[in-house]
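One-letter residues, chain by chain:
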Amino acid sequence: MVKEEAEIYALKVTSWLISNQDLLCVFMSSTGVSEATIKSDFQDGVFLASVLDFLLLDENWVFAACDAMQLEPEAMQSARLLLPGGGRVNWT
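One structure accompanies this document, and this report is about it. All values derive from a computational prediction rather than experimental measurement. Each chain carries its own residue numbering, running from 1 in the written order of its sequence. Since the coordinates come from a predicted model, pLDDT governs what is reported: local features require at least 70, and pairs of side-chain atoms require 80 or more to be given and counted, while whole-chain, interface and lining totals use all residues. Processing note: side-chain calculations cover all non-hydrogen atoms of the structure and skip hydrogens and water entirely.

Turning our attention to the environment of Phe63. When you line up the elements, Phe63 lands in helix H5 (residues 59-69). Judged by relative accessible area, which is 39%, Phe63 ranks as partly exposed. For the pair formed by Phe63 and Glu74, sequence separation is 11 residues and the distance between their alpha carbons is 9.5 Å. Strands here are runs of E lasting at least two residues and helices are runs of H or I lasting at least four, both read from the DSSP assignment and numbered beginning at the N terminus. With a 1.4 Å probe rolled over the protein chains alone, any residue whose accessible area is under 20% of its type maximum counts as buried; one over 50% counts as exposed, and the rest are partly exposed.

Right, here's the structure in full:
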């Protein structure tokens, strides 16, 4: 996967999140993101990364999004690594 593919993947997942009103409310309340921010930052790499970070908190969310969008669940982590702030952390 390359950066452009990661962005497309994240855009698809973000579209799914926006269509899932219950989970969107959880996302908005836990991140402090407003509807205005979602509309203005929809294609911003940092915002897309935050959506993937949020969904990666619960494997059920990952599987639900991927099933609905016909995406590979394993690719979500790969996509996240290619978006802003996704570098691997070395603790040593």
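That was the structure; now back to the text.
Turning our attention to unusual backbone geometry. Here the phi dihedral of Gln70 falls at roughly 55 degrees; this positive angle occurs in a residue that is not glycine. As for its position among the elements, Gln70 is in the loop between H5 and helix H6 (74-82). A residue is classified by how much of its surface remains accessible, and Gln70, at 73% relative accessible area, is exposed.

What makes a salt bridge here is a side-chain nitrogen of Lys or Arg within 4 Å of a carboxyl oxygen of Asp or Glu, nothing more. As enumerated under the stated definition, the model contains 2 salt bridges in all. Salt-bridge contacts for Lys3 lead to Glu7; the nearest nitrogen and oxygen are separated by 4.0 Å. Taken together, the positions of Lys3 and Glu7, both in helix H1 (residues 3-19) and 4 residues apart, correspond to about one turn of that helix. Owing to a relative accessible area of 45%, Lys3 belongs among the partly exposed residues under this scheme. In this structure, the salt-bridge partner of Asp53 is Arg80, at a minimum N-O distance of 2.5 Å. Taken as a pair, Asp53 in helix H4 (residues 45-55) and Arg80 in helix H6 lie far apart in primary sequence, 27 residues in all. Given a relative accessible area of 37%, Asp53 falls into the partly exposed group.

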